[in-house]
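Chains, contacts and geometry: an overview
What follows is each chain in one-letter form.
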Amino acid sequence: MIAESRFSLMRRAAIVTGAAQGIGKSIAKLLAQYGASVVANDTNMKEAQAVSNEIRERGGKSTPFKADVSQYKQVRDLFKHAVAEFGTVDILVNNAGILYPTRFENITESEWREVIDINLTSVFLCSKEAFLIMKQKRYGKIVNMSSTAAKTASTFGGAHYTASKSGVSGLTRHLAREGAEYGINVNAVCPGSIDTPMVRSRATRDAILS
């Protein structure tokens, strides 16, 4: 299971949000492949459990945890679980996200808030908890999944998706500045359109024209 490489994450503990499918699932499996103990978080507990099971079957360490990371109480519970299972949190991957292709004039207030809460507020809440642990250790790695939408505009998502990912990139820059003195590295990854279940479910012709 553990990859043979000079790069090793042995004795490191990671949380990956939105780990049940797509990019998050791949990240969780890759971290485990390099030795990290991984908390696979998602609201879909069945699929998060499947990801953890796959990691353990291949010789890695993983535990699933169901939490809506746009809700602070559930975020705190997620981090408590990680510490109880693995002793600490060294790595946080803020991957949880949602996408709707709704045209601007058709976006409702509730849909706007849902996208902003899941894509951006979750990054704030999870990073806030991570900072509390990482500052004491004077070590930590936070990776935020932004998007090329933050630099231009989303191909498949609506204005709320573009706004949320722009916010993620801005928050990342600020956290990197504040975290540097404590040995906390904060970076963002900005992928373009990736063939994931979420994109496939949204990027239909009818959806794009709605």
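Residues numbered from 1 in each chain as written. Predicted model: local features only at pLDDT ≥ 70, side-chain atom pairs only at ≥ 80, totals over all residues. Heavy atoms only, no water.

As a further point, take the pairing of strand S6 (residues 184-189). Relative to S6, strand S5 (residues 140-145) runs parallel, the two sharing six bridges. Counterpart to Gly140 in the pairing with S6 is Ile184. Regarding topology, helix H5 (residues 159-179) serves as the crossover connection from S5 to the parallel S6, and that connection is right-handed. (Pairing = 2+ DSSP bridges. Helix = DSSP H or I, 4+ residues; strand = E, 2+ residues; numbered from the N terminus. Right-handed = clockwise from strand over helix to strand, strands pointing away.)

Here the focus is the sheet that holds strand S3 (residues 61-66). An order of S3-S2-S1-S4-S5-S6 is seen for the six strands of this open sheet, with the pairing classed as parallel. Sheet topology places S3 and S6 at the edges, where each strand pairs with a single neighbour. Going from strand to strand, the sheet's axes swing by 15 degrees on average, the running direction of each strand aside. As paired elements, strand S1 (residues 13-16) and strand S4 (residues 91-94) share three bridges and run parallel to each other. Within the sheet, the bridge partner assigned to Ala14 lies in S4 and is Ile91. Helix-sheet contacts for helix H1 (residues 22-33) involve S1, strand S2 (37-42), S4 and S5, and the interaxial angle to S1 is about 170 degrees. (Axes fitted to C-alpha atoms, helices over the stretch in contact; angles between N-to-C directions. Contact = heavy atoms within 4.5 Å.)

Remark: helix H3 (residues 72-86) packs on helix H4 (residues 109-137), axes separated minimally by 9 Å, with the N-to-C direction vectors making an angle of 40 degrees. Taken together, the axes of H3 and H4 are oblique relative to one another. At the point where H3 passes H4, the crossing takes the right-handed sense. Of H4, the residues touching H3 (which contributes Tyr72, Val75, Arg76, Phe79 and Val83) are Leu125, Cys126, Lys128, Glu129, Ala130 and Ile133. (Parallel < 35°, antiparallel > 145°, perpendicular 65-115°, else oblique. Left-handed = near helix turned anticlockwise from the far one by under 90°.)

Below, the discussion takes up the nonpolar core. The biggest cluster of nonpolar side chains holds 22 residues, and the ones touching the most others in it are Ile15, Leu78, Phe79, Val89, Leu92, Met134 and Ile142. Of all the secondary-structure elements, those providing two or more residues to this core are H3, H4 and S6. Sorting elements by how many residues they give to this core places H4 first, with six residues. Listed in part, the 14 residues of the second largest apolar core include Ala14, Val16, Leu31 and Ala36. (Core = buried A, V, L, I, M, F, W, Y, C linked by side-chain atoms within 4.5 Å. Buried < 20%, exposed > 50% of the residue type's maximum accessible area, 1.4 Å probe, protein only.)

Read these as layout, nothing more, since geometry by itself doesn't imply function.
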